[in-house]
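Structural features, examined
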Amino acid sequence: MRALPPDLVSMLSDLLWVCAPDGRSLYLSESWSKYTGKAVDALMGMAWVECIHPDDRAGARALWSGPFDGALSHRAEFRIEGVDGGFHWFRSHAMPVRDGSGAVTSWAGSSRDVQDLKEVHERLARANEVLEAHVTERTSALQEVNNQLAIAQSVAHMGSWSFNVASDEVEWSEELFRIVGLDERTAAPNYAAQEKIFAPLSWAKLTAAVGRCIELGEPYEFELELTRPNNERRTAIARGRAVRDANGAVRQLVGTLHDVTELVVARRTQEQLAERLRLATTSAGVGIWEFTLGADSLLWDRQMYSLYGLEPQPGGIEKRSVWDTSLHPGDHLRATEELRVAIAGGAPFDTSFRIVRPDGGVRHLRAAAVVIRDVDGVPLRMVGVNWDVTSERVTEMALVESKALLDLFVRHAPVAIAMFDTEMRYLQTSEQWVTDYKLTGQPLIGRSHYEVFPDIPERWKAIHQRVLAGATERCAEDPFPRASGGTVWLQWEARAWHHGDGTVGGLVFFTQDISARKYMEQLLETRKERLERSNKDLEQFAAAASHDLQEPLRAVSGCAQILQTQYKGQLDPAADALIGHIVDGASRMRALITGLLTFSRVSSHGEPFRMTDSAEVCRSALANLSASIEESGAVIEMQSLPEVQADPSQLAQVFQNLIGNALKYRSKAPPVIRISASQNDEDWVFCVQDNGIGIESVYFEKIFALFQRLHTRDEYPGTGIGLALCQKIIERHRGRIWVESNVGHGTIFFFTLPKSSGVDAR
Ligand code: ADP
């Protein structure tokens, strides 16, 4: 081979060499010596390998040990020890030198110090590593941000998209796919394909908005409806805006689709609830208010104004003073204090108070409110309600009053009263109960009756159970043998009391010690019996006496009459007068005895009552009196008279006596006698009216007594038995008789007969 010019070679810093194919050096340039500090000759053959870094030596040797592909240039890198003992990296290039047959006879190469390059490379590699690490880190951070964005989008139900105006490329976020119900693995984001998804109106609105956004860069935001492929309807808010390039041209559209279905549903539900609440509060008369504390601003709805009787203000905005001034002076202090305590965090505001309306009307209002506070508990607002409880309060008060009244009534009732619950526990007793049952000083309320009276008989327990089952039990006279002897008579009644819902709440027991009354009744009965017995005796005596008297009287009056008729004028005038007196007296006595007999037989010899035509009876009495009527020229006016239950002959007797008296006690004017009857609920009231001499009112009662007369026999004949007899007959018929009169103007006798089938009062 041709050697390089030594000058040129010495200029080169590269290490030049020529080696045999087995690696033995055939030529080494002077630069070897310069670099290694060793003589070139010392490096010939395989000695050059000694200059190679021990770690690279094997590699260097290996280069020469394998068969070379003579067609390729050879490149290798290894470290060579310099004169200073340090190693530099050298990059070697070799070219094969061939003989005429093309066989490689040797290799000519150069090794260039690439230590600096190597270092630069290493730095670069390190920098690259750092960069790569950084990129990896940023990529993963970005990935994380993307993930977070995806999570955020999925949590917020907000998908995002971008649309490249120039390339027509569309990108959708995962959530956007989810919102429209498409699978991102199978569906490509396609703007036009959305036509199928959105409702026609929404689609029209969207395309118009997107058009304007591209054209004019106008952002948009509105609600639209879409239907997922599975037919699920969703509501979403579409937002979009334009991204411009440096020239201001619209390059891209970006936007979001926010699935607000749940929010819309919640909003509609809330609106419905608010509407329902408004309807409920309005129809229930509930007013709603909101008080902002710092601003002293009170917000009232219309119902509040109507509750307070005030004219609604625009917006319902008031100061708190509107409430304060409406408060009733009697409740002002308490209500404002309760409000203060509620704001301070004490008791909740749940109270009632009175207000005075501008027209002076007082209403009772119930109020309840919640205090809204910030995170630190500072009160910000109060939201509350008011409603009118006047009628409840009035009812409540009436209830309290009636309870107080009931308590008072029960406590002081002059009978023994006890109220029990269904367990027979005392609820209330009258003082009389406590006294009657000797319970003074014992606490009763809440205790069981059976505990108070452990020996109560089963009979009473059974009565209590029947009453608690709804029955009413009573007894007018119940004898209770006293342990101490004697008997207590009780009148009692037990009945259930009911709750407002109709269920039995317990029982009320009324008892009255009627022993005293019973004693009086028994006494009265004994006396009555005795009286009746003596009356009967008397009647029997009167009947017997008058009957027995008639016989001797008849003898006396018969003899006297014989004397009068047969011996008149034969004796002296005085004797005639005496005989006249005897006849007179005897006939008067007969009249008296007959009258007395009739009187005494009213009860004992009366006929049973029967339906009697009183007009007919009256007519028979008038017939008996026809002579007197004729003689006196009396005018009789008989009006229609009813049918009554009566003893006809006794009723005739009454008419006859009354009409007879009317004829007898006539004035100078011809008598006018009116007989009539009227009725009230229970009785027929008969009247016998005359225009006679009349009776002074002082005698109105006296005249009904036996033998009572107001005139001498000379003035008017009579026995004084007539009216007494009438009274006895009427009383037997359970009626009454009385008189009204004006002296000189006439008299009216009234008597009544019961309408109901009469019972003999004997
Ligand atoms: P007598 O007619 O036999 O005296 P009465 O018992 O019928 O007895 O009447 C009692 C008294 O009542 C009469 O004496 C008479 O003074 C008075 N008297 C009764 N009926 C009338 C009458 N129609 N007008 C005025 N006085 C009467």
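See the structure printed just above.
Residues numbered from 1 in each chain as written. Predicted model: local features only at pLDDT ≥ 70, side-chain atom pairs only at ≥ 80, totals over all residues. Heavy atoms only, no water.

1. Topic: the overall build of the protein chain
Note the following rule: The secondary structure listing takes helices from DSSP runs of H or I that are at least 4 residues long and strands from runs of E that are at least 2 residues long, numbered from the N terminus. A radius of gyration in this sense is built from C-alpha atoms; the matching globule rule multiplies 2.2 Å by the number of residues raised to 0.38. When accessible area is computed with a 1.4 Å probe and restricted to protein chains, residues below 20% of their type maximum are described as buried, those above 50% as exposed, and intermediate ones as partly exposed. Should any heavy atoms of two residues lie within 4.5 Å, those residues are counted as being in contact. For the area figures, the Shrake-Rupley method with a 1.4 Å probe applies, and any residue is considered shielded solely by the protein chains shown.
What the protein chain contains, in helices and strands, is 20 helices and 28 strands. A globule of 762 residues ought to have a C-alpha radius of gyration of about 27 Å, yet the protein chain, at 70 Å, is considerably larger. Structurally, the protein chain occupies a C-alpha span of about 240 × 75 × 55 Å along its principal axes. By the burial criterion, 35% of the 762 residues in the protein chain qualify as buried. Across the protein chain, every contact between residues at least 6 apart in sequence was considered, and the portion connecting residues at least 24 apart equals 50%. Carbon and sulfur atoms provide 56% of the accessible area of the protein chain, an area that totals close to 44,600 Å².

2. Some details on the packing of helix α15 (residues 515-567) against helix α16 (residues 573-604)
Helix packing geometry: the angle between the two helix axes and the distance between the axes. Cut-off, in case you're wondering: Every angle, taken between N-to-C directions, lies between 0 and 180 degrees, and every axis is a line fitted to C-alpha atoms, over only the stretch in contact when it is a helix. Roughly parallel means an angle under 35 degrees; roughly antiparallel, over 145; roughly perpendicular, 65 to 115; everything else is oblique. Crossing handedness: left-handed means the near helix sits turned counterclockwise from the far one by under a right angle, and right-handed means the same turn made clockwise. Under this grouping Gly is polar, as are all residues other than the nonpolar Ala, Val, Leu, Ile, Met, Phe, Trp, Tyr, Cys and Pro and the charged Asp, Glu, Lys and Arg.
Where α15 meets α16, the axes come as close as 8 Å, and the angle between the chain directions of the two elements is 155 degrees. When the axis of α15 is compared with that of α16, the two are roughly antiparallel. Helix-helix and strand crossings are classified by hand; for α15 and α16 the assignment is left-handed. Each residue belonging to the contact of α15 with α16 can be placed in one class, and the counts come to 15 nonpolar, 11 polar and 3 charged.

3. Quick word on the sheet that holds strand β17 (residues 416-421)
Our working rule: Only strands that DSSP links by at least two bridges are regarded as paired with each other.
With respect to topology, 5 strands assemble into an open sheet ordered β18-β17-β21-β20-β19, the strand pairing being antiparallel. The outermost strands of the open sheet, each flanked by one partner alone, are β18 (426-429) and β19 (473-481). On average, adjacent strands in this sheet sit at an angle of 20 degrees to one another, irrespective of strand direction. Strand direction decides the pairing type here: β17 and strand β21 (residues 504-513), joined by 6 bridges, are antiparallel. In the strand pairing of β21, A418 is matched with F509.

4. Observations concerning the environment of G580
With respect to the helices and strands, the residue G580 is situated in helix α16. For G580, a relative accessible area of 22% translates into the label partly exposed. Taking the C-alpha atoms as reference points, G580 and Q561, 19 residues apart in sequence, are found 8.5 Å from one another.

5. A short note on the sheet that holds strand β16 (residues 379-388)
If you walk across this open sheet you meet the 6 strands as β13-β12-β11-β16-β15-β14, and the pairing is antiparallel. Strands at the two margins of the open sheet, each flanked by one partner only, are β13 (317-319) and β14 (349-356). Ignoring strand direction, the axes of neighbouring strands in this sheet form an average angle of 30 degrees. As paired elements, strand β11 (residues 286-292) and β16 share 7 bridges and run antiparallel to each other. Of the residues in β16, the one forming a bridge with T292 is R381. Relative to the sheet, helix α11 (residues 390-412) contacts β14, β15 (362-373) and β16, its axis offset from that of β15 by approximately 120 degrees.

6. A short note on helix α14 (residues 458-468)
Operational definition: As used here, the arc is the angular range of directions from the helix axis to the C-beta atoms.
Residues of α14 that are buried include every one of W460, I463, H464, V467 and L468, and no others. The arc that holds every buried residue of α14, seen down its axis, measures 130 degrees, which confines them to one face. Buried-residue contacts for α14 involve β17, α13 (449-452), β19, β20 (487-498) and β21. Immediately downstream of α14, the backbone of G470 shows phi near 115 degrees, a positive value.

7. Side note on the pattern of salt bridges
Short version of the rule: What makes a salt bridge here is a side-chain nitrogen of Lys or Arg within 4 Å of a carboxyl oxygen of Asp or Glu, nothing more.
Tallying each qualifying case throughout the model produces 39 salt bridges. Between E223 and R267 there is a salt bridge, with its nearest N and O atoms 3.5 Å apart. Here the residue E223 occupies a position in strand β8 (residues 220-227), and R267 occupies one in helix α7 (residues 261-283), the gap between them amounting to 44 residues. Note that D324 and R320 form a salt bridge whose closest N and O atoms lie 2.9 Å from each other. Since its relative accessible area comes to 18%, D324 is described here as buried. What emerges from the salt-bridge pattern is a single network uniting R228, E232, R234, D259 and E262.

8. A word on unusual backbone geometry
Phi at K438 is positive, roughly 55 degrees, even though this residue is not glycine. Inspection of the secondary structure puts K438 in the loop between α12 (431-436) and α13. Under the relative-accessibility criterion, K438 is labelled exposed at 70%. Positive phi, close to 60 degrees, is recorded for R734, a residue that is not glycine. Relative to the elements of secondary structure, R734 occurs in the loop between α20 (722-732) and β27 (737-742).

9. What about the site of the ligand?
Selection criterion: Consider each residue's heavy atoms; a residue with any of them within 4 Å of a molecule or strand counts as near. Counted as a polar contact is a pair of N or O atoms within 3.5 Å, where, for protein atoms, one must be capable of donating a hydrogen and the other of accepting one, and residues adjacent in sequence contribute only when both atoms are in side chains.
In the vicinity of the ligand there are 21 residues, among which N661, Y665, R709, T719 and L723 approach most closely. Interatomic distance of 2.4 Å between a side-chain N/O atom of R709 and an oxygen atom of the ligand. The separation between an oxygen atom of the ligand and a polar side-chain atom of H711 is 3.4 Å. Going through the elements one at a time, α19 (648-664), α20 and β28 (746-754) are the ones with two or more residues in the shell around the ligand.

10. Some thoughts on the nonpolar core
Stated formally: Throughout this description, the term nonpolar core refers to a set of buried Ala, Val, Leu, Ile, Met, Phe, Trp, Tyr and Cys residues connected via side-chain atoms within 4.5 Å.
With 41 residues, the main nonpolar core has F655, I659 and F751 as its most contacted residues. Here this core gets 8 residues from one element, more than from any other, and that element is α19. In contact with F751, not counting residues within four places along its chain, are L651, V654, F655, L658, W684, V685, F686, I730, R736 and I737. By size, the runner-up hydrophobic cluster in this structure holds 25 residues, among which are I197, V210, A238 and L257.

11. Quick look at the pairing of β17
Among the 6 residues that make up β17, 6 are buried, leaving the element largely enclosed by the rest of the structure. Where burial is concerned, the two faces of β17 agree: the one with A416, A418 and F420 and the one with I417, M419 and D421 are both buried. Sheet topology note: the β17/β18 ladder contains 3 bridges and is antiparallel. Looking across to β18, one finds that F420 is bridged to Y426.

12. Quick notes on the side chain of Q153
Mapped onto the fold, Q153 is located in helix α4 (residues 115-156). Residue Q153 is classed as buried on the basis of its relative accessible area, which comes to 8%. There is a polar contact of 2.7 Å between the side chain of Q153 and the side chain of S160. Among all residues touching Q153, those that are not within four sequence positions of it are M158, G159, S160, S173 and E175.

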